[in-house]
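Observations on the three-dimensional arrangement
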Amino acid sequence: MARKDVIDGIRNEEGIALALPLLKQRFGERFQTGQSFRDQHSHTTTYLPSQRPDGVVFAESSEDVREVVRICAPHRVPVVPFGTGSSLEGQVNAPCGGISIDFSRMNRILSVNAEDLDCTVEPGVTREDLNTYLRDTGLFFPIDPGANASLGGMTATRASGTNAVRYGTMKDNVLALTVVTADGEEIRTAQRARKSSAGYDLTRLFVGSEGTLGVITSITLRLQGIPAKISGGVVAFPTLEDACNAVIMTIQMGIPVARIELLDEMQIRACNAYSKLSYAERPTLFVEFHGTEETVALQAEQFGEIAAEFGGGEFAYTANAEERNQLWKARHNAYWASRALAPELAALSTDVCVPISRLAECVAATQADIREQGFLAPIVGHAGDGNFHVLLLFNDKDAADVEKAEAFLERLNGRALAMEGTCTGEHGIGQGKISYLEQELGSALPTMRAIKAGLDPDNIFNPGKIFRL
């Protein structure tokens, strides 16, 4: 990410002045313009500066969303969707001012079709809330980014997580959407059928669009059966390359691993201190298997043999739910564990993704860069799909340290792109990765901009995200 891409756009002062009283008249106390509300709806979870909206509407229905767009669109007032605010690339900032639509009250689960393994939810439902609701049905929703994000935000950023190696990402698990478009009307992108050849794939177009093409008002999701048996374990390796080679062999052998996470030495040290664990401070894989009692045992045995082939230590394997939950709680607390290494420093979380055959090379080169620069920067990766995260700790009050951090990010993204990877596996572009998107898909950007212009000709939907203002 780069601060240089977080710029203030041109504000439509006249249009904003006309829209604010109309929104107050329509929504009353559900429309707030106080600075504390505006601050809460512009914060970023990185060091990128905040850019406040001019007001916040707490939507309670799709009709509310349509009304906001119908008021804002004629006056060319920007509309910025807001889920839980956990996005990492400035997606909720309002560089041109405008109106933030808060979806926390649109948190209803509209339907669950257990026989068809799908459900429809409003965008403010969080992934944890959905899985709590589904527990008695024997179903679950598998996509699990580290934060308890809203499903609308996860759809908008094409989120992923630790289960992606088996269950895919949001693009694989969204069946249909309803979306409010720039004319204030609501469209449905598909039906509930598992496949369709009917027209353009509008669902995939809106998944990952980061609120720049329309405002999502409902999501139909693919569900999975809760496995009869879940087992998991931990194994440490002599080197990072050994760990990555074990991952590659596991995938190539067709072992249906559900999760396979890579933690480098610094991340293990942080997790040990934060979660009161005692793992060896070496490159480590956390793994999990889903299936029946017989299949998970077989998969664990096969993985243990592969790990041993690449010098792995004892494979600490368990089917005990409490022990397994402790393992994955430590993994999901990796962010806070890393922050605890130096609480006085700012934290910058970034991600890149490369073909898994290049993962060891990319992570090793990144570790060497970190050591050379003297940074504290633990690495954790969704190793099964080549995606890894660096949490860079640095002094954001020191201009020289900020410049050094951004130079590191430039090299990290350049390294991933040179290996035929991507500048983001799951965080999205937002504001912070605009420059890297231009490097990655420069020749495709005019086509993307044409789609944006066709669906949002006045650029009211989340301006300044994905494309440079």
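In the annotation of an unreviewed UniProt entry, the entry for the protein chain reads D-lactate dehydrogenase (cytochrome), and the organism field reads Agrobacterium albertimagni AOL15. Note on the protein chain: under the UniProt heading Sequence similarities (unreviewed entry), the record states "Belongs to the FAD-binding oxidoreductase/transferase type 4 family." The Cofactor (unreviewed entry) comment attached to the protein chain in UniProt states, word for word, "FAD".

**Let's talk about the overall build of the protein chain**
Helix and strand counts for the protein chain come out as 17 helices and 18 strands. Compactness check: the protein chain gives a C-alpha radius of gyration of 22 Å against a globular reference of 23 Å for 469 residues, within 12% of the reference. Overall, the protein chain is about 70 × 60 × 40 Å in size when its C-alpha atoms are taken along their principal axes. Counting across all 469 residues of the protein chain, residues that qualify as buried make up 57%.

**Considerations on the packing of helix α16 (residues 434-441) against helix α17 (residues 445-455)**
A pair of packed helices is captured by two measures, namely the crossing angle of their axes and the spacing between those axes. Running from N to C, α16 and α17 point in directions that differ by 120°, and their axes come no closer than 9 Å. Accordingly, the angle class assigned to the pair α16 and α17 is oblique. Where α16 approaches α17, its residues L437, E438 and L441 are matched on the opposing element by L445, M448 and R449. Partitioned by chemical class, the residues of the contact of α16 with α17 number four nonpolar, no polar and two charged.

**A look at the sheet that holds strand β1 (residues 31-32)**
Pairing in this open sheet of four strands is mixed, and the strands run β1-β2-β4-β3 from one edge to the other. Every interior strand has two partners, whereas the edge strands, β1 and β3 (79-82), have only one. Two elements, β3 and strand β4 (residues 99-102), share four bridges in a ladder whose sense is parallel. Residue pairing for β4: V79 is matched across the bridge by I99.

**Concerning the nonpolar core**
L285, F289, F303, F388 and F394 are the most contacted members of the largest nonpolar core, which has 56 residues in total. When residues in this core are grouped by element, the largest group, six residues, is from helix α15 (residues 399-418). In terms of domain composition, this core takes at least three residues from each of domain 1 (3-104 + 450-455) and domain 3 (229-419). Here F388 is in contact with T350, D351, V352, L359, C362, V363, T366, I379, V380, G381 and L412, once residues within four sequence places are set aside.

**Observations concerning the pattern of salt bridges**
If you walk through the whole model with that rule in mind, you get 32 salt bridges. One salt bridge in this structure joins D456 and K452, with 2.7 Å as the shortest N-O distance. Each member of the pair D456 and K452 is classed as buried. One continuous salt-bridge network, built from bridges that share partners, spans R26, R30, E60, E63, D64, R66, E67, R70, R105, E185 and E186.

**Thoughts on the sheet that holds strand β16 (residues 346-353)**
Strand order across the open sheet formed by seven strands is β15-β12-β14-β13-β17-β18-β16, with antiparallel pairing between neighbours. If you trace the sheet from one side to the other, it starts and ends with β15 (316-318) and β16, each paired once. For this sheet, the mean inter-axis angle between neighbouring strands, taken without regard to orientation, is 15°. Of the pairings in the sheet, the one linking strand β17 (residues 379-382) to strand β18 (residues 387-394) comprises four bridges and is antiparallel in character. Its bridge partner lying in β18, H382 is registered against N387.

**Points about the domain arrangement of the protein chain**
Looking at the assigned domains, one finds that the protein chain contains domain 1 (3-104 + 450-455), domain 2 (109-225) and domain 3 (229-419). One C-alpha centre belongs to domain 1, the other to domain 2; they are set 23 Å apart. Taken together, the contact between domain 1 and domain 2 spans 17 residues of the former and 24 residues of the latter. Interface area for domain 1 against domain 2, summed over the two sides, is near 1600 Å², with a carbon-plus-sulfur share of 67%. At the surface where domain 1 touches domain 2, the tally comes to two salt bridges. The partner of E185 in a salt bridge is R70, and the shortest N-O contact between them spans 3.4 Å.

**Structural notes on helix α11 (residues 293-309)**
For α11, which comprises 17 residues, the first-to-last C-alpha distance of 25 Å matches the rise-based estimate of 24 Å (1.5 Å per residue) to within 8%. Every buried residue of α11 is listed here: V296, Q299, A300, F303, G304, I306 and A307. All buried residues of α11 lie within an arc of 165° about the axis, which places them on one face of the element. The outward face of α11, more than 90 degrees from its buried face, is lined by the exposed residues E294, E301 and E309. Turning to α11, the residues buried within the fold contact β12 (229-236), α9 (240-252), β13 (257-263), β14 (284-291) and β15.

**Here's the deal with the pairing of strand β2 (residues 55-58)**
Side chains of β2 alternate between two faces, with G55 and V57 and V56 and F58 buried alike. Sheet topology places β1 next to β2; two bridges connect them, and they run antiparallel. By the bridge assignment, F31 is partnered in β2 with V57. In this structure, β2 lies alongside β4, joined through four bridges in parallel fashion. Within β4, the residue paired with V57 across the bridge is I101.

**Some details on the environment of V79**
Looking at the element boundaries, V79 is found in strand β3. Judged by relative accessible area, V79 falls into the buried class, the value being 0%. In this structure, the C-alpha to C-alpha distance between V79 and A400, residues 321 residues apart in sequence, is 35 Å. Beyond its immediate stretch of four places on either side in the chain, V79 contacts V68, C72, I99, I101, V215, I460, F461 and N462.

Scoring rules and cut-offs
- Residues numbered from 1 in each chain as written.
- Predicted model: local features only at pLDDT ≥ 70, side-chain atom pairs only at ≥ 80, totals over all residues.
- Heavy atoms only, no water.
- UniProt positions renumbered as here; feature names shortened; annotations may be inferred.
- Helix = DSSP H or I, 4+ residues; strand = E, 2+ residues; numbered from the N terminus.
- Rg over C-alpha atoms; globule rule 2.2 N^0.38 Å.
- Buried < 20%, exposed > 50% of the residue type's maximum accessible area, 1.4 Å probe, protein only.
- Axes fitted to C-alpha atoms, helices over the stretch in contact; angles between N-to-C directions.
- Parallel < 35°, antiparallel > 145°, perpendicular 65-115°, else oblique.
- Contact = heavy atoms within 4.5 Å.
- Nonpolar A, V, L, I, M, F, W, Y, C, P; charged D, E, K, R; others polar.
- Pairing = 2+ DSSP bridges.
- Core = buried A, V, L, I, M, F, W, Y, C linked by side-chain atoms within 4.5 Å.
- Domains from an automatic or database assignment.
- Salt bridge = Lys/Arg side-chain N within 4 Å of Asp/Glu carboxyl O.
- Buried area = accessible area lost by both parts, 1.4 Å probe.
- Expected span 1.5 Å × (residues − 1).
- Arc of directions from axis to C-beta.

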